[in-house]
Amino acid sequence: MAAPPRRALLVLIAGFLLIASLATFAEAIYEDQVGLADWHQKYIGKVKQAIYHSQKSGRRRVVVLTEENVISSLDLRSGDILWRHVIDKNDPLDQLSLSLGKYVLTLSSGGTILRAWNLPDGQMIWETNLQASTASNPQLHVMSNNKVAKDNLVLVSVGRWIYAVSSIDGSISWEKEFSLDGLEFKQVLQSPENDIVYAVGIAGSSKLALYQLSAKTGEILKDIQESLPGELSGEMVLGSDNVLVALNKARSSMFLIEFKSERISYNKVHVSDLVQDLSGTFKLQPLSNGVISLQTSSTVFLLKLKNTDGLEVVQRFDQPAAVSDALTIAEKDEAFAVVQHAGSQIEFIVKFTSDISSEIIREQVNIDQHRGNVEQVFLNSYIRTDKSHGFRALVVMEDHSLLLIQQGEVVWSREDGLASIVDVTTSELPVEKDGVSVADVEHNLFEWLKGHMLKLKGTLLLASADEVAAIQALRLKSSEKNKMTRDHNGFRKLLIVLTKAGKVIALHTGDGRIIWSNLLPSLRASRFGGTPSALRIYQWQVPHHSVMRENPSVLVVGKSGAESSAPGVFSILDSYSGDELNSMRLDHSVVQIIPLTLKDVSEQRLHLIVDSNSNAHLYPKSPDSLSVFLHEMPNLYFYSVDIQTNVIRGYSLEKSCDIKGDEYCFNTKELWSIVFPSDSERIAISETRKMNEVVHTQAKIIGDHDVMYKYLSKNLVFVATVSPKAAGDIGSALPEEASLVAYLIDAVTGRILHRVTHHGAQGPVHAVLSENWVVYHYFNLRAHRFEMAVIEIYDQSRADNKDVMKLILGKHNLSAPITSYARPEVVVKSQSYFFTHSVKAMAVTQTAKGITSKQLLIGTIGDQVLALDKRYLDPRRSANPTQQEKEEGIIPLTDSLPIIPQSFVTHSHQVEALRGIVSIPAKLESTTLVFTYGVDLFYTQLAPSRTYDSLTDEFSYALLLITIAVLVGAIIVTWIWSEKKELRDKWR
């Protein structure tokens, strides 16, 4: 008997609902999902020059120039970036200025490129290239109230050239080259009459030259030259309208140089006569009305000029302080600011140059003590409601942060030290304590039902635009990603970054917020005589088992000076609070840092520090760590790459050390060395496997069911060399002169396992080494395209381990000890492909167990990160793969690697000046965490093989419950109808 129509209809409806419920498993990223599992932060770097642009209407802004080669416009009310340009490092920015109230002028590349940018939106208006004979310190001066032209002329002095450029269209009005040998201009000034330009320069080491030029034509009106006794350092400031102050080469005395109508007169003043207890270097800064500041790292002196008779100290600040440039307030009066430390606060002091003894403002401002000393101050004035002058200051701190101070408060702050990250590590968050209620996330049942109904409407595409926005806000609000405890998937972590300023900052992976920060005292320039520098950051203690209650900690290694022999600096910090647990200044230098896989009983990781004398020092210095280390020392080897001498050396360790009484010091013994011929090869890069990389399987099963065993030695090193002529920029060598040689070297024996030459190839070279393969990127001069090459290395000595009977009888050699001294039988497969983009950085995804497919993370020239499946870089790809190879998943061979727009993990964001990519395994095997840093920061979660081991965050549990309820109801109704029909049939 045929099924009743109603039952068929119900079955159809039930099937449709089942399919609808299963459709929620489909994975895709929609526009409203961007930002839920990733975040992007923009920075500018340490400000070195700032110019205010305040107007009666519209946005008040400040234009800044930073050490990261960034020019940016900031909103003066909030500190937000209005617009920003990150200029290439090959075009360093020198000077910044404003013209006509609407153009931002930048001088770059040693004074050879002058650009004008539109102030409101940052669009470039024009660019002018200038000639420069030699590299010098260029000067940029914008003439004000210019009577000789319709627009403000821009004067640029570079070397012995002076250019006058129109600020409207960038055309060169006139240019002048001076014939005096060795001339370099130090100051370009404008006379009060505005039609005469004064240019002051130094020829050689002691000859001073003054030129008077016509602002209209550049004609030399007057030329005065004078030889000074002794050599000049080149540092020169304007003391008053006609007096210059110049330092001698030894920086022990100053020349007060006065320019009169036809001659130059000078007077010599010794610095020690002014300041008796001066130590270290100092800086001169001109203010106005004959006032000059002399600044050291701990003291500021205000000097008053007495024509050329001398200088006198009129005030002294004994705390670390910074002085701003003079700011014109009235027609003949100017103000300047001094910001100094006063205990746990900073003092903001404003004075008039006409009366230094009095103060206009003295305010106490509370700031975070982990910001260090004040390094620069930029003063600005505004008109209060009572028509009096108010003052605010942009303050650059020692940790590269930027603050705006006004009316005794910090209006806003920017943590721009994050634009100069030098190293990254991670730390787990604390375990969630018992009794913490998860129900705190959703306040009550009504909110829970309301949220799931909104999600249901969104799933069925019935939500309005306001409801879509409410859904996204609800996701962010109810998300547990920002909690300060661990999650079972391992997504919540701390990113602990080390900045160039020596500051350690912990970021939460949930939203990128700063959990804690610490400017390390051991890495501050005020602590030692040299200039300390931060080197690396490592995990120091990761508690497990018996020490589970202790907090994890990180180790920061630095140097106390710029020299290679400078003593090292250690600092150990608590990963949860940022407190410094221990710090020490080492009695030896730091040349190489070798983190070991060994741990002592307190779970502290062992580290070897190699100094400039090739001695290795063990840390931590404890009997237990020494015992563990001595037990494993015969199996420890390391290598060093000296790019300067073009040599790679391998070492082992010996027990004795030349330093008496130091049992934690070990001599190193050179075992092997590879010297590359300097006339044909130059070391370009070296790479090795990550210490924490997990490999899931040693074997690779190919399409014909054969087994290939990976060569998984942790001692494998990849080295790439280029020919000397190809060591420069792309195009610096002909294809016949360029070559790239790739080496695979065993770091224990120095044996070269594989060598391949790419003729006509040139750097820069980027590479990544993982498991048994290496991928490297270079430029092919013959094809005029970038290429990526892959090398896979397999262990042929285990080729016999395929017989099941041998495995049963124990006659296989899988458990046989492996030694690097046995000559390996390896098989190498390689292939190269064209690649569209230039590359800035490369990394490879890391997962918890190593099961998930690998993806290459490529930082492109466009400052984005591309995730490229490793299968595209399989050296076994062929143009016509066999059926077995197709079943294995081998992709047919093409000459170039595909660029899929959906594969950019940064989406539409750019990580400006991208420098590094870090992949962090999550506890969930399918997912890895990716952190990218440059001037900007970007973080996201990536699933190379999709989330095969979990439901997505967007899975609609409400729709699933409704579907189940409908199915159950349909089954019950269908059963009732069926029973009634059977009963009716029986009564017939």
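Residues numbered from 1 in each chain as written. Predicted model: local features only at pLDDT ≥ 70, side-chain atom pairs only at ≥ 80, totals over all residues. Heavy atoms only, no water.

Chemist: Explain the overall build of the chain here, please?
Modeler: Within the chain, the regular secondary structure consists of 8 helices and 64 strands. In the chain, which comprises 988 residues, the proportion classed as buried is 51%. If you sum the accessible surface of the chain, you get close to 46,400 Å²; carbon and sulfur atoms cover 51% of it. (Helix = DSSP H or I, 4+ residues; strand = E, 2+ residues; numbered from the N terminus. Buried < 20%, exposed > 50% of the residue type's maximum accessible area, 1.4 Å probe, protein only. Areas by Shrake-Rupley, 256 points an atom, 1.4 Å probe, with all protein chains shown as cover.)

Chemist: Help me understand the confidence of the model for the chain in this model?
Modeler: Caution applies to low-pLDDT regions: their predicted coordinates should not be interpreted in detail. Of all residues in the chain, 87% attain a pLDDT of 70 or more, and the chain-wide mean is 84. Helix H1 (residues 5–22) is the least confidently modelled element of the chain, averaging 47 in pLDDT, while strand S63 (residues 928–933) averages 96, the highest of any element. Within the model, pLDDT remains below 50 along residues 1–6, and this stretch shows 3 contacts once partners closer than five positions in the same chain are excluded. (pLDDT = per-residue confidence, 0-100. Contact = heavy atoms within 4.5 Å.)

Chemist: What's the story with the nonpolar core in this structure? I'm lost.
Modeler: If you look at soluble globular proteins, the nonpolar side chains tend to sit buried side by side. The biggest cluster of nonpolar side chains holds 36 residues, and the ones touching the most others in it are Leu394, Phe931 and Leu937. In this structure Phe931 touches Trp39, Ile421, Val424, Leu495, Val497, Gly916, Ile917, Val918, Ile920, Leu937, Phe938 and Tyr939, once residues within four positions along its chain are discounted. One finds Ile329, Ile367, Phe391 and Ile405 within the second-largest nonpolar core, a separate group that totals 21 residues. (Core = buried A, V, L, I, M, F, W, Y, C linked by side-chain atoms within 4.5 Å.)

Chemist: Please clarify how the sheet that holds strand S10 (residues 139–142) should be interpreted in this entry.
Modeler: Sheet strands line up and pair through hydrogen bonds in the backbone, either parallel or antiparallel. Taken together, 4 strands build an open sheet; the order of strands is S10-S11-S12-S13 and the sheet is antiparallel. On the outer flanks of this sheet lie S10 and strand S13 (172–177), each paired with one strand and no other. Strand-to-strand twist of the sheet, defined as the mean angle between neighbouring strand axes without regard to direction, takes the value 15°. Two elements, strand S12 (residues 161–166) and S13, share 5 bridges in a ladder whose sense is antiparallel. Considered in S13, the bridge of Val165 is made with Ile172. (Pairing = 2+ DSSP bridges. Axes fitted to C-alpha atoms, helices over the stretch in contact; angles between N-to-C directions.)

Chemist: Whenever I open this one, the UniProt feature "transmembrane region" (unreviewed entry) in the chain confuses me. Can you help?
Modeler: Residues annotated by UniProt as "transmembrane region" (unreviewed entry) correspond here to residues 955–978. This span, residues 955–978, is 92% helix and 0% strand, and a straight line between its end C-alpha atoms measures 35 Å. (UniProt positions renumbered as here; feature names shortened; annotations may be inferred.)

Chemist: What is the right way to look at the pairing of strand S57 (residues 785–795) in this model?
Modeler: Consecutive side chains of a regular strand alternate in pointing toward one face of the sheet and then the other. Counting buried positions along S57 yields 10 of 11 residues, so the element is predominantly enclosed. Alignment of strand S56 (residues 773–780) against S57, held across 8 bridges, turns out to be antiparallel. Across the sheet, the residue bridging to Val775 is Val790, located in S57. Once S56 ends, the chain turns through 4 residues before running back antiparallel as S57, passing His784 with a positive phi of about 55°. The pairing of S57 with strand S58 (residues 826–835) spans 10 bridges and is antiparallel. Across the sheet, Ala789 pairs through a bridge with Ser832, a residue of S58.

Chemist: Looking at this model, I keep getting lost on the sheet that holds strand S49 (residues 682–688). Mind explaining?
Modeler: The sheet built from 4 strands is open, its strands ordered S49-S52-S53-S54 with antiparallel pairing. At either margin of the open sheet sits one strand with a lone partner, and together these are S49 and strand S54 (752–759). Between one strand axis and the next, the sheet turns through 15° on average, direction left out of account. Inspection of the sheet shows strand S53 (residues 739–746) paired to S54 by 7 bridges, in the antiparallel sense. Bridge pairing in S54 links Tyr743 to Arg755.

Chemist: Mind showing me how you'd approach the state of the cysteines here?
Modeler: Each disulfide is one covalent bond, formed between the sulfur atoms of two cysteines. Counted according to the given criterion, the structure contains 1 disulfide. Covalently, Cys657 is tied to Cys665 through a disulfide, its sulfur atoms 2.0 Å apart. (Disulfide = S-S within 2.5 Å.)

Chemist: What should I look at first to understand the pairing of strand S3 (residues 61–66) in this one?
Modeler: With 6 of 6 residues buried, S3 lies mostly within the body of the structure. Where burial is concerned, the two faces of S3 agree: the one with Arg61, Val63 and Leu65 and the one with Val62, Val64 and Thr66 are both buried. Here strand S2 (residues 47–53) pairs with S3 via 6 bridges, running antiparallel. Residue pairing for S3: Tyr52 is matched across the bridge by Val62. Looking at chain direction, S3 and strand S4 (residues 70–75) are connected through 5 bridges and run antiparallel. Opposite Arg61, over in S4, you have Asp75 as the bridge partner. Taking the residues between adjacent antiparallel strands as the criterion, S3 and S4 are bridged by 3 residues, where Asn69 takes a positive phi near 65°.

Chemist: Which parts of the structure should I look at to understand the pattern of salt bridges?
Modeler: Side-chain pairing between opposite charges can occur once the charged atoms of the two side chains come close. Considering all chains together, one arrives at 37 salt bridges under this definition. Between Lys46 and Glu67 there is a salt bridge, with the nearest N and O atoms lying 3.9 Å from each other. Within this pair, whereas Lys46 is found in the loop between strand S1 (39–41) and S2, its partner Glu67 is found in the loop between S3 and S4, the two being separated by 21 residues in sequence. For Lys46, a relative accessible area of 12% translates into the label buried. Lys500 is paired through a salt bridge with Glu68; the nearest N and O atoms lie 3.6 Å apart. With Lys500 in the loop between strand S36 (493–499) and strand S37 (503–508) and Glu68 in the loop between S3 and S4, this pair connects stretches of sequence that are 432 residues apart. (Salt bridge = Lys/Arg side-chain N within 4 Å of Asp/Glu carboxyl O.)

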